[in-house]
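The chain contents come next:
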Amino acid sequence: MDAEGVDVVVLCGENNVAYATGYAAPSQEPARASATRTVALVTTTGVRLLTPAPLDFEDGARELAAAVSDYPGTLAIDQYPSMLVRSTLANRSPVDARPLLAAAKFVKTPDEVAALRKAQRINERAMDEVLPAVQPGVRDTDLSALFFRQIFEMGATGNTVDPIWNVVPMSLADAPFTFTGHLPFPLPAVGRVLEKGDVIFNDAGIDFNGWASDFGRTWYVGTDPDANQRSQFEHYLEIVAACLAAIKPGATAWDVAVAARDANGGERPWFPHLYLSHGIGTDSAELPFCGTDLGEEVESQVVLEAGTVLVLEPVVWEDGRGGYRAEEVVVVTEDGCEPLTDYPHAPYG
Amino acid sequence: MVDEMRRRDVDVLVLGREGNARAVSGAHRLFLAGERAFAPGCVVVAETAAVHVLSVTDFGVPSDANLYPPSWNPAVVVERVAGLPGVASARRVGVDGLTPLFETLLAGALPEAELFDGESLMRTARRIKSPDEVDQIRGAAVVAASTIAVALDGAARGLDDNGVKAVAMEAMAAEGTTTAAFEPLIARNGDSVTVAIGVLRDGWEADVTRTAPRRDRPDELDAAIARCRAGAAVAEIGARVHGVGCGYEVLTPDERLEPGMVLSVSVAGGGDTVLVTDGDPDVLTLT
């Protein structure tokens, strides 16, 4: 805040509130979350939390404006929950709080890394129970049921994303339309019955006291991988190894994307509508992003630091023969990086 | 929707809220819990009566909606929105939220346009549910009812809060519904355990609250529901009340009920999802 010359930061986004104050909102659908949101007013000397009446209405917007009026000076805000909030704060000429937040979130403290690790462990132990159930005849939503049972028994404070058990075709010609011509990953679970030989790209994320996990693996339904699939997995490991070698303090987000591309014969090994890698914290995806359509100009300005956390999610794809995708969460250390993910790649080990 | 836009002289709606996008387009995009800052995820144009949905794929998007592709560059997203037929010439553009960045980008891409509160229009347009929409909510109510039965069984056999949540969420997903409107809320008072369950089935919500071990509905709840008649004000119901549809809807105390509104009505120990009709209220979560 000092660096940006800001006197008070108004945080309306729940992940930003969780980051700045430790207050984690309950896990709920967006409209309920919006109507019941807790707002944080952050100054260099303290934090004030308030839960105003719904901000879509005059009462709530006025309540928030009145609280903000206790804090003179330059005001930064992360978002306007409604146009009423925009107009009631107009006289303060708010500046954008997001650059300030992004800079702060970019480096995780040891406690924050520990919180991420805890969320990741719950997610992984839940998958221990799901994996044996990945069999012909099971519905994708049955896997979601098993996953939910496990995470909540282990004390997860929320499920962040509908668990994904995306059956992928061997050929893009058999996939739904996309603007990019690549797979439309991720598709939600719809009650599809898994069949022998299906390949699923799995993706899940939970919340533990405001901190996110991210888990991804490729699983084969009722069969062992064939020689092609094995070589895809080996190639996946090569790409990950190249990324890990590139990740260290001083490297840029673009460097990581280039390392992955170089390890894949010059073709980008990720979904073109997504990215090779994203950060994670109280948001399930946050800076740094590597390999987005923002490209070199933007991503070469993003410099990794010790404490930056990345989720690598490369995709190996051989059209006609399917592919392999998984996710590896890593934290940048003083001289490289170390994994937060601690999970095997079944059935390879 | 388009009728309401024309009535209010609105040229374009740029919507960030998932419930709004869902309600106007029917698009079933991957669910993420929690609120998100505004970003242009769905656009409605009065002139063309077209609905445009931000999505890389047509999977889950009804064929009568149009697609525009996502980008990680907010300026590119706004350019794409501005390039949709009928948007560049718009003068009155409703938004359901904003960020400092999108305010700047939209002002730059649509310099002639006035941005104003589109949420009040959406609230009006979504308030009364069509028979098809009520059927969707009925479907959610069936799942909510079976889920709470499992939760109460769990509570009755002594599960702790995490255990009750776990069996409830498992039961909901086993019914094919993988999204909670809110994750189970559990309150204990001596031997009694009150559980609230809310589900989103295909984007539509229903919620129900019951108390183990007795499970009967409080008399106060029946009395409150009996007051959910067309013409009554929300404040007269004498219970906690909000609207349900594609998620939570805020109702103001002085708002008058009309047939086709769907309410979540709850008192201490019990709650139901209720359809306001021309006659007696229809309790959707009594199945």
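Reading the values: rules and limits
- Residues numbered from 1 in each chain as written.
- Chains lettered and ligands numbered in written order.
- Predicted model: local features only at pLDDT ≥ 70, side-chain atom pairs only at ≥ 80, totals over all residues.
- Heavy atoms only, no water.
- Helix = DSSP H or I, 4+ residues; strand = E, 2+ residues; numbered from the N terminus.
- Rg over C-alpha atoms; globule rule 2.2 N^0.38 Å.
- Buried < 20%, exposed > 50% of the residue type's maximum accessible area, 1.4 Å probe, protein only.
- Contact = heavy atoms within 4.5 Å.
- Areas by Shrake-Rupley, 256 points an atom, 1.4 Å probe, with all protein chains shown as cover.
- Lys, Arg positive; Asp, Glu negative; His and termini not counted.
- Charge placed at Lys NZ, Arg CZ, Asp CG, Glu CD.
- Phe/Tyr/Trp six-rings, centres within 6.5 Å; stacked < 30°, edge-to-face > 60°.
- Lys NZ or Arg CZ within 6 Å of the ring centre and 35° of its normal.
- Domains from an automatic or database assignment.
- Buried area = accessible area lost by both parts, 1.4 Å probe.
- Salt bridge = Lys/Arg side-chain N within 4 Å of Asp/Glu carboxyl O.
- Polar contact = N/O pair within 3.5 Å; in protein donor to acceptor, adjacent residues only side chain to side chain.
- Expected span 1.5 Å × (residues − 1).
- 1 Å grid on protein atoms, 1.4 Å probe; cavity = no way out; pocket = protein on both sides within 12 Å on 5 of 7 lines; lining within 4 Å.
- Points joined across faces, edges and corners; volume = space filled by probe spheres on them.
- Nonpolar A, V, L, I, M, F, W, Y, C, P; charged D, E, K, R; others polar.

J.: Help me understand the overall build of chain A, please; the structure alone is not making it clear to me.
T.: Along chain A, the regular secondary structure elements total 10 helices and 18 strands. In summary, chain A has a C-alpha radius of gyration of 22 Å against a globular reference of 20 Å for 349 residues, a match within 12%. Counting across all 349 residues of chain A, residues that qualify as buried make up 59%. Considering only intrachain contacts with a sequence separation of at least 6, the fraction spanning at least 24 residues in chain A is 65%. For chain A, the accessible surface area stands at approximately 12900 Å², while carbon and sulfur atoms represent 50% of it. Looking at chain A, you have 24 positive and 50 negative side-chain charges, and the mean spots of the two groups are 3 Å apart.

J.: Can you walk me through unusual backbone geometry in this structure?
T.: In most cases, non-glycine residues show a negative phi, while peptide bonds are predominantly trans. Across the junction of F185 of chain A and P186 of chain A, the peptide omega takes the value -5°, indicating a cis bond. By secondary structure assignment, the location of P186 of chain A is in the loop between β7 (164-168) and β8 (199-204). Cis rather than trans, the peptide bond between A212 of chain B and P213 of chain B has omega equal to 5°. Summarising the element assignment, P213 of chain B is placed in the loop between β9 (204-212) and α8 (219-226). The phi dihedral of D9 of chain B falls on the positive side, at around 60°, and the residue is not glycine. Despite not being glycine, D202 of chain B shows a phi value in the positive range, around 50°.

J.: Any chance you could explain the packing of aromatic side chains here in plain terms?
T.: Aromatic ring pairs are described here by two measures, namely the spacing of the ring centres and the angle between the planes. Residue and element names in this part refer to chain A. Within this structure, the stated rule accounts for 15 aromatic pairs over all chains. With 6.1 Å between their ring centres and 90° between their planes, Y220 and Y348 make a pair best called edge-to-face. Residue Y220 is located in strand β11 (residues 215-220), and its partner Y348 is located in the segment after β18 (337-339); the two are separated by 128 residues in the primary sequence. Residue Y220 is classed as buried on the basis of its relative accessible area, which comes to 8%. Grouped by ring-pair contacts, the aromatic residues Y220, F233, Y236, Y324 and Y348 constitute a single cluster. R217 extends its terminal NZ or CZ atom over the ring of F215, reaching a point 5.7 Å from the ring centre.

J.: I keep staring at the domain arrangement of chain A and nothing clicks. Help me out?
T.: Residues and elements named next belong to chain A. Looking at chain A, the domain boundaries give domain 1 (8-105) and domain 2 (110-339). Distance from the C-alpha centre of domain 1 to the C-alpha centre of domain 2: 32 Å. Facing the 8 residues of domain 1 at the interface are 11 residues of domain 2. When domain 1 packs against domain 2, the two sides together hide about 670 Å² of surface, and 48% of this comes from carbon and sulfur. Counting every contact that joins domain 1 to domain 2 gives 1 salt bridge. A salt bridge links D283 to K105, with the nearest nitrogen and oxygen atoms 2.8 Å apart. The tally of links from domain 1 across to domain 2 stands at 4 residue pairs in polar contact (both at pLDDT 80 or more).

J.: Help me understand helix α7 (residues 161-174) of chain B in this model?
T.: The α-helix winds at 3.6 residues per turn, so residues separated by three or four positions along the chain end up facing the same way. Residues and elements named next belong to chain B. In this model, α7 (14 residues) spans 20 Å end to end at C-alpha, consistent with the 20 Å of a helix rising 1.5 Å per residue. Burial analysis of α7 places 10 of its 14 residues in the buried class, which makes it a mostly covered element. Buried within α7 we find G163, V164, K165, A166, V167, A168, M169, A171, M172 and A173. Phi for G176, located one or two positions after α7, is positive at around 90°.

J.: What is the right way to read empty space enclosed by the protein from this model?
T.: A water-sized probe rolled over the atoms picks out the places where empty space is left. Within the structure shown, the criterion is met by 2 cavities of 30 Å³ or more. Lining the largest cavity are 13 residues; nearest its centre among them are N159 of chain A together with F31, T179, A180 and E183 of chain B. It is strand β7 (residues 179-189) of chain B that contributes the most residues to the lining of the largest cavity, 3 residues altogether. Tallied by class, residues from the lining of the largest cavity come to 5 nonpolar, 5 polar and 3 charged. Estimates place the volume of the second largest cavity at around 40 Å³. What lines the second largest cavity is L116, Q120, A212, S213, D214, I280, V329 and L340 of chain A. Residues of the lining of the second largest cavity, tallied by class, amount to 5 nonpolar, 2 polar and 1 charged.

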